[in-house]
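Observations on the three-dimensional arrangement
Below are the chains, spelled out letter by letter.
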Amino acid sequence: MAESMRGLHRTHRCTEVSNKNISEEVTVMGWVQRRRDLGSLIFIDLRDRSGLIQVVFDEPKVGSEGFKKAETLRNEFVIAVVGTVQKREAAVNENLKTGDIEIIAKDLRILSEAETPPFPIEENSQTKDEIRLKHRYLDLRRPDIQRNLMLRSKVAYLMREFMAKEGFIEIETPMLTKSTPEGARDYLVPSRVHPGNFYALPQSPQLFKQLLMCSGYDRYFQITKCFRDEDLRADRQPEFTQADMELSFVDADDVMDVNERLLKYVFKEAIDVDIELPLPRMPWQEAMDRFGSDKPDTRFGMELIDVSDVVKGCGFGVFTGALEAGGSVRAINVKGQAGMSRKKIDKLVEFAKGYGAKGLAYLCVNEDGTYKSSFAKFMTEDELDNLVKACDGEKGDLLLFAADKTKLVWDVLGALRLKLGDELGLIDENKYNFLWVTDFPLLEWSEEEERFVAMHHPFTMPVEEDWEHVDEDPGSVRAIAYDIVLNGTELGGGSVRIHQNDIQEKMFEVLGFTKERAWDQFGFLLRAFSYGVPPHAGLAYGLDRMVMHMVHADSIRDVIAFPKVKDASDLMCDAPNVADEAQLEELGIYIKKTEDTE
């Protein structure tokens, strides 16, 4: 039966007890991690968020009643122990912070009993995600998850501390706002007071932070929730936390400077990692050409090689056909892997097809200098020699080629590079390679919508010398935009914003907005701009992604207290779920029955 805490007050968390407390009486409280019964002695590993400490129950010290209670203890019972700290006589555990001491109990209270949990509460659990997330309140007891969340709390504190010293004001922006569908899908919230109308949950505070610049707050900062109804990946969730900022009377260099110093401070104070400043910068075009990605992982080589000029006019139709269609032919050199089995190469081909490629061509440079290739019969010996030379090929190398539209080639080889880098152990997991990617295209062509869309958002400032070409060649216009990349992950992104009405109106025109539609969706911002708006710029971090890298987690689920799974559902709460008919009626909502909803 559970007992009361009455009269007891915790004096220490478990690992706050040290050999400085030897001979002192302490009171600790927590969960039973493990119980070992040696007959005359019972040993308990007691756990709280700080870690473990060993408690010893000796009948002469704790009394017969206390000893009987100790015999009933099981994993995850919640207990309070009063006892004296003493040095361990034997079995010192050097892996524990408290491994050289123990508490000799004189009083035990069982504050709460526990059923046997459905999985062990232990670090690096091998239990299936579905089971752990169904019982997330238990999963959150695991020491590694607790360390992750405590580090996350520290990172948020350090960010706030740094930004306050830099003159930023923390201001909250609304959670219920207007839907602006340009971008990812919104989560909609029906209004009872305004039947048939909907709020949207914010994808970011973008418009509001620009309005705060119009209002003269100069430097704004906020750690806030954002929502996007999009397909999930390891580093995405439908609701996520953003560390958001905006600055007035600045240019891109000013924003990058304050953020470099922020990152240096946070990483040093949180995980004792030194970041050398200034961070390197790389134009978007160079990142795509070298790495096939606008968030390149620069911890290893195996960079992409453009061989389009080398294979132009060769006898291999796959290569020449791609070039004639306006695409390109590119390669990666997988050093020392010419002996890779055909079975493994076939798996790489299937992997490439998963990214939309029709296939993958390969050429092995054998140790005797001969070639083994999927396309050698279509090319002359000189053509093959020139191709190997262009790829810096040596004996023992495996060359992999993709030929198609350039964007598809980038995607395929960029993903293949990361896969092989991981499988071949080329990536140093202890490295933190930061990089600014700059000079993004302002616009990108959407095949689905058959129009240009904003690569970032419609409020991004174009590069001045490119803007005059927006009518005849919209795709050539660069944006004054910058992403901060860490080890192949986009940690954050930002840009200088448009603050001139004529440029903003032209931007909407290029995106296919009529003047009426632009004012209907963004009228409140455009009106604010008519009353004097300073030049301004900003950036936002994915806080979850940042902490994920700090703790070397494989998924942001490991740094979020209550995450969703891949289909955006919460297994613990069973959300989303059906709404009560009365609620729907009050909101004026009718659910159309389909095969899926049935």
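See the structure above.
Read on for a plain summary of the structure.

Cut-off values and rules
Residues numbered from 1 in each chain as written. Predicted model: local features only at pLDDT ≥ 70, side-chain atom pairs only at ≥ 80, totals over all residues. Heavy atoms only, no water. Helix = DSSP H or I, 4+ residues; strand = E, 2+ residues; numbered from the N terminus. Buried < 20%, exposed > 50% of the residue type's maximum accessible area, 1.4 Å probe, protein only. Contact = heavy atoms within 4.5 Å. Areas by Shrake-Rupley, 256 points an atom, 1.4 Å probe, with all protein chains shown as cover. Pairing = 2+ DSSP bridges. Axes fitted to C-alpha atoms, helices over the stretch in contact; angles between N-to-C directions. Core = buried A, V, L, I, M, F, W, Y, C linked by side-chain atoms within 4.5 Å. Phe/Tyr/Trp six-rings, centres within 6.5 Å; stacked < 30°, edge-to-face > 60°. Lys NZ or Arg CZ within 6 Å of the ring centre and 35° of its normal. Expected span 1.5 Å × (residues − 1).

Observations regarding the overall build of the protein chain
Regarding its fold elements, the protein chain presents 17 helices and 22 strands. With the principal axes as the frame, the protein chain shows a C-alpha extent of 90 × 75 × 55 Å. A burial count over the protein chain gives 49% of its 598 residues as buried. Considering only intrachain contacts with a sequence separation of at least 6, the fraction spanning at least 24 residues in the protein chain is 68%. Of the roughly 30,400 Å² of accessible surface on the protein chain, a fraction of 48% belongs to carbon and sulfur atoms.

Topic: the sheet that holds strand β5 (residues 101-112)
Read once around its circumference, the closed barrel built from 5 strands follows the order β1-β2-β3-β5-β4, with strand pairing classed as mixed. Ignoring strand direction, the axes of neighbouring strands in this sheet form an average angle of 55°. Of the pairings in the sheet, the one linking strand β4 (residues 78-87) to β5 comprises 10 bridges and is antiparallel in character. If you follow A80 over to β5, its bridge partner there is R109.

Focus: the nonpolar core
F267, L360, L400, F434 and Y541 are the most contacted members of the largest nonpolar core, which has 110 residues in total. Sorting elements by how many residues they give to this core places helix α6 (residues 252-271) first, with 9 residues. Sequence-distant contacts of L400, that is, excluding residues within four places in its chain, are made with R330, A331, I332, V334, L348, L360, A361, Y362, L413, L416 and L420. Core analysis: the next-biggest nonpolar cluster, separate from the first, contains 24 residues, C14, L46, F67 and L73 among them.

Re the packing of aromatic side chains
Summed over the entire model, instances satisfying the criterion amount to 18 aromatic pairs. A centroid spacing of 5.3 Å and a plane angle of 15° characterise the contact between F316 and F375, whose relative ring orientation is stacked. In this pair, F316 is assigned in the loop between α8 (308-311) and α9 (317-324) and F375 in the loop between β15 (371-373) and α11 (381-390), connecting sequence segments 59 residues apart. The same class applies to F316 as to F375, namely buried. Where F459 meets F508, the ring centres are 6.2 Å apart and the plane angle is 85°; that geometry is what we call edge-to-face. One end of the pair, F459, is in the loop between β19 (451-454) and α13 (464-467); the other, F508, is in helix α14 (residues 501-510), and 49 residues separate them in sequence. Residue F459 is classed as buried on the basis of its relative accessible area, which comes to 3%. For R417, the ring lying beneath its charged end belongs to F300, and the centroid distance is 3.9 Å.

Here's the deal with the sheet that holds strand β16 (residues 398-404)
If you trace the 5 strands from one edge of the open sheet to the other, you get β12-β13-β16-β14-β15, paired in antiparallel fashion. Among the strands making up the open sheet, the edge pair consists of β12 (305-306) and β15. Judged from the 7 bridges that link them, strand β13 (residues 328-334) and β16 form a sheet pairing that is antiparallel. Within β16, the position partnered with N333 by the bridge is L399. Packing against the sheet, helix α12 (residues 406-423) makes contact with β13 and β16, and its axis sits at approximately 10° to β13.

Some words on unusual backbone geometry
Here the bond from L277 into P278 is cis, since omega is -5°, no more than 30 degrees from zero. You can see P278 is positioned in the loop between α6 and β11 (281-283). In the segment running from A575 into P576, the intervening peptide bond is cis, with an omega of 0°. Although it is not a glycine, N487 adopts a positive phi angle of roughly 50°. Structurally, N487 is set in the loop between β20 (481-486) and β21 (489-496). On the accessibility criterion, N487 (8% relative accessible area) is buried. For H552, which is not glycine, the phi dihedral falls at a positive 60°.

Notes on helix α10 (residues 342-353)
Look at α10: 16 Å from first C-alpha to last across 12 residues, which is about the 16 Å you get at 1.5 Å a residue. In this structure, the buried residues of α10 make contact with β14 (361-365), β16 and α12.

Overview of the environment of P462
If you trace the backbone, P462 turns up in the loop between β19 and α13. Under the relative-accessibility criterion, P462 is labelled buried at 4%. For the pair P462 and R192, spaced 270 residues apart in sequence, the C-alpha to C-alpha distance is 41 Å. Discounting chain neighbours no more than four positions away, the residues touching P462 are L442, W467, V477, R478, A479, I480, I498 and I503.

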